[in-house]
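# Observations on the three-dimensional arrangement
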Amino acid sequence: MSKVIKVLKPGVGTGRRGGSFNRGRALVAGGAGFLGSHLCERLLRDGYEVIAVDNFHTGKRYNLNVLQRDPGFLCIEHDIIDPLPRDLPVDEIYNLACPASPPHYQADPIHTFKTSVLGSMNLLELARRHNAKIFQASTSEVYGDPLVHPQPEGYFGNVNTHGPRSCYDEGKRSAETLFFDYSRTYGIDVRVARIFNTYGRRMQPDDGRVVSNFIVQALRGEDLTVYGSGLQTRSFCYADDLIQGFIRLMNAPNAPAHPVNLGNPVEFTVMELARLVIDYTNSRSRIVHRPLPVDDPRQRKPDISFARQNLGWEPQVSLSQGLAHTVEYFDALLYGSRPVKEAAMS
Ligand SMILES: NC(=O)c1ccc[n+]([C@@H]2O[C@H](COP(=O)([O-])OP(=O)(O)OC[C@H]3O[C@@H](n4cnc5c(N)ncnc54)[C@H](O)[C@@H]3O)[C@@H](O)[C@H]2O)c1
């Protein structure tokens, strides 16, 4: 049953592809989240009318502050596990709705799984009804603890089906299945991105992701918590680069017949990241080690050959540039403006 709880700004836009919104109407599920709010901002700038749909589980109303001044923006508070209003004509749908950090998605694992499966079906049905193109934010977690390195899209992964991370990993894998089955069955234009670790402005200080954890701990002068030896690797993509990848994938003339890796292929150990953060915050924090969580992947690095060759996309922002911006953001969020190390980019 449809359950529109609250419309923050009713009556935006009357027609599709009309007036100043010449690119049409885009719906962003998860639009109040870290990545979703950046995507809404980008789509508005590109000339879309934008409808954010969010249950504010992990998303924040203040992420939408700037957007709400835009006449082309509307937000609907709604849980996507319930069907969306039928009379919501849209041209493009981006599905980013899902808690993304382990403490958040493990807090209510059954709801997380429903979000990926029922939520995706509801959005796919909306796409089918309105003949809209639809994008799914999948994840590198579909590779689990990978036995192939770096991970190309053709690798099927090494995923635990019943561990504490499975609600997220298996939910996202099932969503990929649904997207391609809807495409084969109903001819819907689907685009599926497998996103690798992304960081930047508007991450939550308490979201438990490694970049935000380290920055917040360093700014507070607390010990940086490294799980395990810290020799496990990750690849960190700056949010602006990733959003550019979303736009390229969504606008590619031909829909790829498979998911596409989007991430930064430059690999760092978690210890290297911790030392960089201490350096960028001029912090006196020390590094302490804690036991590795269950099923924590030992290595992660995307093979982005497909995106490079077919979308002309690759990340442009280095980790040190992106960290400088992110440290600045958290510093302002936690303490108000306080001088931080000079950003390496303007
Ligand atoms: N940030 C990353 O590094 C990363 C990596 C891989 C995949 N992803 C995927 O990208 C998407 C966005 O991630 P993020 O980092 O912005 O996370 P986020 O938690 O900041 O954003 C998710 C948004 O979805 C909303 N949401 C969650 N469940 C919902 C539901 N049932 N109905 C409606 N709204 C709901 C939340 O309130 C939030 O605003 C997620 O689908 C995530 O799985 C992110």
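It should be emphasised that the depicted structure is a prediction, and the values quoted were computed from it without experimental measurement.

### Brief notes about the site of the ligand
- Residues in contact with the ligand amount to 30 residues; listed here are only the nearest, Asp-54, Thr-58, Tyr-168, Lys-172 and Arg-209.
- The contact in question runs from an oxygen atom of the ligand to an N or O atom on the backbone of Gly-33, over 3.0 Å.
- Here an oxygen atom of the ligand sits 2.9 Å away from a polar atom, N or O, in the main chain of Gly-59.
- Protein chains shield 96% of the accessible area of the ligand, which is 820 Å² for the free molecule.
- Secondary-structure elements contributing two or more residues to the shell around the ligand are helix H1 (34–45), helix H3 (109–130), strand S6 (133–139) and helix H4 (166–186).

### Focus: the UniProt feature "domain: NAD-dependent epimerase/dehydratase" (unreviewed entry) in the chain
- According to UniProt, the feature "domain: NAD-dependent epimerase/dehydratase" (unreviewed entry) maps to residues 26–263 in the numbering used here.
- Regarding residues 26–263, the helix share stands at 35% and the strand share at 19%, and the terminal C-alpha atoms are separated by 23 Å.

### Looking at the environment of Tyr-186
- Residue placement: Tyr-186 occurs in helix H4.
- Considered as a pair, Tyr-186 and Leu-96 are 90 residues apart in the sequence and their alpha carbons are 22 Å apart.

### Notes on unusual backbone geometry
- Between His-149 and Pro-150 the backbone carries a cis peptide bond, its omega angle lying at -10°.
- Considering the arrangement of structural elements, one finds Pro-150 in the loop between S6 and H4.
- Although it is not a glycine, Asn-131 sits at a positive phi angle of roughly 55°.
- Mapped onto the elements of the fold, Asn-131 is located in the loop between H3 and S6.
- In this structure, Asn-282 takes a positive phi of about 50° despite not being glycine.
- Mapping Asn-282 onto the fold places it in the loop between helix H7 (270–281) and strand S14 (287–290).

### Structural notes on the packing of H1 against helix H6 (residues 239–251)
- Orientation of H1 relative to H6, taken along the N-to-C sense of each, is 60°, at an axis distance of 10 Å. In this view, H1 runs oblique relative to H6, as classed from their interaxial angle. When the axes of H1 and H6 are compared, the crossing they make is right-handed. Packed against H1, whose contacting residues are Phe-34, Leu-35, His-38, Leu-39, Arg-42 and Leu-43, the element H6 presents Ala-239, Asp-240, Leu-242, Ile-243, Gln-244, Phe-246 and Ile-247 at the interface.
- Residues belonging to the contact of H1 with H6 are distributed by class as follows: nine nonpolar, two polar and two charged.

What counts, and at which threshold
Starting afresh in each chain, residues are numbered from 1 along the sequence in its written order. Where local features are concerned, this predicted model is filtered to residues with pLDDT of at least 70; where side-chain atom pairs are given and counted, the filter is 80 or more; whole-chain, interface and lining totals use all residues. Derived side-chain values reflect all non-hydrogen atoms in the structure, with water molecules and hydrogen atoms excluded from consideration. Near residues are defined by distance, with any heavy atom within 4 Å of the molecule or strand qualifying the residue. Residues adjacent in sequence count toward polar contacts only when both atoms are side-chain atoms; beyond that, a polar contact is any pair of N or O atoms within 3.5 Å, and within protein one must be able to donate a hydrogen and the other to accept it. In short, Shrake-Rupley with a 1.4 Å probe defines the accessible areas, and a residue's cover is counted only from the protein chains shown. In this text, helices come from DSSP runs of H or I with a minimum length of four residues, and strands from runs of E with a minimum of two, each type numbered from the N-terminal end. UniProt positions are given in the numbering used here, feature names are shortened, and annotations may be inferred rather than shown by experiment. With axes taken as lines fitted to C-alpha atoms, and helix axes fitted only over the stretch in contact, angles between N-to-C directions fall between 0 and 180 degrees. Convention used here: angles under 35 degrees read as roughly parallel, angles over 145 as roughly antiparallel, angles from 65 to 115 as roughly perpendicular, and any remaining angle as oblique. Whether a crossing is left-handed or right-handed is set by the direction in which the near helix is turned from the far one by less than a right angle, anticlockwise for left-handed and clockwise for right-handed. Any pair of residues with heavy atoms lying within 4.5 Å of one another is described as a contacting pair. In this classification, Asp, Glu, Lys and Arg are treated as charged, Ala, Val, Leu, Ile, Met, Phe, Trp, Tyr, Cys and Pro as nonpolar, and every other residue, Gly included, as polar.

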